[in-house]
Amino acid sequence: MKSLRSALRLGACSVLASSVLLSSLAFAAAKQAPEKAPRPDLPPLPIEETGAVRTLPANFPESWMYVDEAAFFSMFGGKIILLDVDEKNPTKRIKAIADKNLLGNFKAAQNRNEFYIMESFHARGSRGPREDVLAIYDKNTFKILKEIVWEDATRLTALPERYSMGLSKDERFLYVANFSPAASFSVVDLDTREVVDVIGTPGCVLTYPTGERSVTSLCSNGGLLTTVLDKSGKKASQQRIKPFFDTDKTPIFERPAIIDGMAYFPGFAGKMHTVDLRGEVAKFVETWELVTAEERKTNWRPGGLVLNDKDDQGLMYIIAHENGADGTQTHGGSHVWIIDPKTKKRLRKIKLPGWGISIAVTRGKQPKLVVTNGDLNLDIIDPKDGSLIQTISDFGNVTPLLVNKAY
Amino acid sequence: MSIFDKLFEKTARSAAQKGSRRGFIRGLGAALVGAGSIPLLPVARAADGGQKLPQDNRLPQDSEAGDPASCDYWRYCAVDGFLCECCGGTYNTCPPGTEMSPITWIGTCRNPVDGRNYVISYNDCCGTTQCGSCLCQRDEGDRPLYRADKSNDVNWCLGANSSVYHCSTAIVVGLAFEQ
């Protein structure tokens, strides 16, 4: 920073200097009001303490969200941005930021005052031995409580997923997906902050919390694998659930909306697949149609990167697009469909102001949609009437591909 | 509209590239399940399953057409990443200073010149920070993580010394089964 200041002072950095000059001119233009005469009769300002660092409230407002900035163009710069999406003042939206290196994975607890970032580092930037580290953060201070280094550098590195990590129902155990490409997951006891087991899940990936102490993974044959843990978090048993879709012909998204223990996996072509995760072992329940016969004629279908989310009332929100084809499944859509999974009815269709790539929904009785748009900014939308409340940009975002609720 | 349309203007795709491409390694998914672990090399599996090109009868390069620096180039049908062609490498070689990951995902793309479907291995080049040029997302035949062999969402540099992703190649590794 000191050298940057020197460069500016010497005029060595013309681009920066130009920016500063423009900013200064704009500032000067804004200061048109006549200057008041100095008031030496006023008491001097009190001396302030240095070293103060802010903390966050115990309970976050419903409009605060964790934005997963994947930093696809410079993966050393990944981060989690705690953002108030209701805030109209751009300078007050960012609440805190945490690093998340090399496509790190993120999970927020609801009842523990913690969040978790699973990330990777090479010893010397892009080279040298790789170390995978789980960072356990205090959500109020954004300080790391503990770092746990993986014995093998095998954690899943991929585009952001909601279920690359999962929490047990009582939030005692954290499940962390590994992929080397041998698939497994690590179980972390959050009370002792130790890894208690690493469990192979051959051919099956991701960690969908199931029942009290089970984890379900989605398999390459179109089935499921549930791993049942004992009280200490170690593997007790595993059970495979037979295939319920064809991974070649009728693929599904690996991104379910899990509502009251029921997981709703949308299919590429618009068929919903319901899986019951309430018991000790997952059960496939049924399929049902998201798309009407009329819509099918023009190939309406779900699509996007993080294409769905849920609200606190149990409704599901999913991005959809017309003229869908092989290859469009991750490209996003022009509409959001609001669905009641209990009645399997679509309640509303919302036309987005632009294009939607990923979606999240804020907490509470009056939820708002947070849509990562085609410009890779965030559109905040009222789902009641589809109106655009505001577009949030310039918060350090480059590729904000996933947005999570904050508690 | 693609995720990264803001950053990469993509032209219309060739209809010829939307031919039947699925099923060339049907059964691989099932083969993965039940294995003690999955130290499989998806590309190696695909090549085993497909019809290999005779070593003494390689297709001449005039049997291809198109611009390898364009996202529309036929080999890129399932790609999602920066094209090495724009990063100091080519469509089938890595840029200087990087390392090619030996394991990767694959697609099946139709060569519009000879009308054949080929198994394309999208080996990532690794070890240097992201190239940042010619981002291309096609995703045809792409599958989520549960079909790792066809999933471009994974950082496939996991097979290299450095897990830092730089760009993607598109290498012909075999002829696909015709359906």
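Just so it is clear, the structure is predicted and the values come from calculations on it, not from any experiment. Within each chain, residues carry numbers counting from 1 in the order of the written sequence. Starting at A for chains and at 1 for ligands, labels are handed out in the order in which the entities are written. Per-residue local features are limited, in this predicted model, to residues with pLDDT of at least 70; the limit for side-chain atom pairs, both in listing and counting, is 80 or more; totals at the level of whole chains, interfaces and linings are taken over all residues.

S.K.: Give me the lowdown on the overall build of chain A, citing residues and values where you can.
M.R.: Within chain A, the regular secondary structure consists of three helices and 28 strands. Here the C-alpha coordinates of chain A stretch approximately 80 × 50 × 40 Å along the principal axes. Residues are scored as being in contact if the C-beta atoms we place from backbone atoms lie within 7 Å. Long-range pairs, those at least 24 residues apart, make up 44% of the contacts in chain A between residues at least 6 apart in sequence. We count a stretch as a helix when DSSP gives it H or I for four or more residues in a row; a strand needs E for two or more, and each element gets its number in order from the N terminus.

S.K.: Explain the overall build of chain B to me, and be specific about the residues and the numbers.
M.R.: For chain B, the count of helices and strands is two helices and eight strands. Helices and strands appear in chain B in the N-to-C order α-α-β-β-β-β-β-β-β-β. By residue count, 53% of the 179 residues in chain B fall in the buried class. Of all intrachain contacts in chain B linking residues separated by at least 6 positions in sequence, the fraction that spans at least 24 positions is 78%. Counting other C-beta atoms within 10 Å of its own, a residue is labelled buried from 20 upward, exposed at 12 or fewer, and partly exposed in the gap between, with every C-beta atom placed from the backbone.

S.K.: Tell me about unusual backbone geometry, and please be specific about residues and values.
M.R.: Residue and element names in this part refer to chain A. Looking along the chain, the bond that leaves Ser 180 and enters Pro 181 is cis, with omega of 15°. Looking at where Pro 181 falls in the secondary structure, it is placed in the loop between β9 (173–179) and β10 (183–189). In this structure, Ala 71 takes a positive phi of about 55° despite not being glycine. Of note, Ala 71 is situated in the loop between β1 (64–69) and β2 (79–84). Positive phi is not limited to glycine here, since Glu 171 has a value of about 60°. Inspection of the secondary structure assignment puts Glu 171 in the loop between β8 (165–167) and β9.

S.K.: How would you explain the UniProt feature "active site" (unreviewed entry) in chain B if you had to name every residue and give the values?
M.R.: All names here are of chain B. As annotated in UniProt, the feature "active site" (unreviewed entry) corresponds to Trp 105 and Asp 124 in the numbering used here. These residues run over 20 residues, yet every pair of their C-alpha atoms falls within 9.2 Å of each other. Its location among the elements puts Trp 105 in the loop between β2 (99–100) and β3 (106–110). Note that Asp 124 resides in strand β5 (residues 124–126). Leave out the neighbours within four places in its chain, and Asp 124 touches Ser 101, Thr 104, Trp 156, Cys 157, Tyr 165 and Ser 168. UniProt positions are given in the numbering used here, feature names are shortened, and annotations may be inferred rather than shown by experiment.

S.K.: Any chance you could break down the sheet that holds β1 of chain A for me, citing the residues and the numbers?
M.R.: Residues and elements named next belong to chain A. Paired strands, in this sense, are two strands between which DSSP finds at least two bridges. Read from one edge to the other, the open sheet built from four strands follows the order β3-β2-β1-β28, with strand pairing classed as antiparallel. The outermost strands of the open sheet, each flanked by one partner alone, are β3 (94–99) and β28 (400–405). The sheet shows a mean angle of 25° between the axes of neighbouring strands, taken without regard to direction. Where β2 and β3 come together, five bridges link them in antiparallel fashion. In this analysis an axis means a line fitted to C-alpha atoms, helices contributing only their contacting stretch, and an angle means the value between N-to-C directions, from 0 to 180 degrees.

S.K.: Describe the UniProt feature "domain: Methylamine/Aralkylamine dehydrogenase light chain C-terminal" (unreviewed entry) in chain B, listing the residues and the values that go with them.
M.R.: As annotated in UniProt, the feature "domain: Methylamine/Aralkylamine dehydrogenase light chain C-terminal" (unreviewed entry) corresponds to residues 66–174 of chain B in the numbering used here. The span residues 66–174 of chain B is 0% helix and 27% strand, and its two end C-alpha atoms sit 20 Å from each other.

S.K.: Please set out the confidence of the model for chain B residue by residue, giving values where relevant.
M.R.: For every residue, the predictor states its confidence as a pLDDT score lying anywhere from 0 to 100. In this model, chain B carries an average pLDDT of 73, and 65% of its residues clear a pLDDT of 70 or more. Note on residues 1–60 of chain B: pLDDT under 50 across the span, and 125 contacts to partners over four residues away in sequence or across chains.

S.K.: Which residues make up the confidence of the model for chain A, and what values do they have?
M.R.: Averaged over all residues, the pLDDT of chain A is 93; the fraction at 70 or higher stands at 92%. Within the model, the stretch residues 1–29 of chain A combines pLDDT values under 50 with seven contacts to residues more than four positions away or in other chains.

S.K.: Break down the environment of Ala 170 of chain B for me, with residues and values.
M.R.: Residue and element names in this part refer to chain B. By secondary structure assignment, the location of Ala 170 is in the loop between β7 (165–168) and β8 (171–175). We classify Ala 170 as buried; it has 26 C-beta atoms within 10 Å. For the pair Ala 170 and Gly 88, spaced 82 residues apart in sequence, the C-alpha to C-alpha distance is 15 Å.

S.K.: Any chance you could break down the sheet that holds strand β4 (residues 117–121) of chain B for me, citing the residues and the numbers?
M.R.: All names here are of chain B. Judged by pairing direction, the sheet is antiparallel, and its three strands sit side by side in the order β3-β4-β8 without closing on themselves. In this open sheet, the two edge strands, each paired with only one partner strand, are β3 and β8. Sheet twist, expressed as the average angle between the axes of neighbouring strands with direction ignored, equals 40°. Of the pairings in the sheet, the one linking β4 to β8 comprises four bridges and is antiparallel in character. Within the sheet, the bridge partner assigned to Tyr 118 lies in β8 and is Leu 175.

S.K.: How would you explain the pairing of β28 of chain A if you had to name every residue and give the values?
M.R.: Residues and elements named next belong to chain A. Across the six residues that make up β28, a large majority, six, are buried. Two elements, β1 and β28, share five bridges in a ladder whose sense is antiparallel. Residue Val 67 lies in a different strand from β28, and its bridge partner there is Val 403.

S.K.: Would you mind going over the environment of Cys 204 of chain A in detail, with residue names and values included?
M.R.: With respect to the element layout, Cys 204 of chain A can be found in strand β12 (residues 204–210). Overall, the presence of 27 C-beta atoms within 10 Å leaves Cys 204 of chain A in the buried class.

S.K.: How would you sum up the environment of Asn 377 of chain A? Please name residues and give values.
M.R.: Residues and elements named next belong to chain A. With respect to the secondary-structure elements, Asn 377 resides in the loop between β25 (369–373) and β26 (378–381). Among the residues examined, Asn 377 registers 17 C-beta atoms within 10 Å and is labelled partly exposed. A sequence separation of 15 residues divides Asn 377 from Ile 392, and the C-alpha atoms of the two residues are 6.0 Å apart. Setting aside residues no more than four positions away along its own chain, Asn 377 makes contact with Thr 391, Ile 392, Ser 393 and Asn 397.

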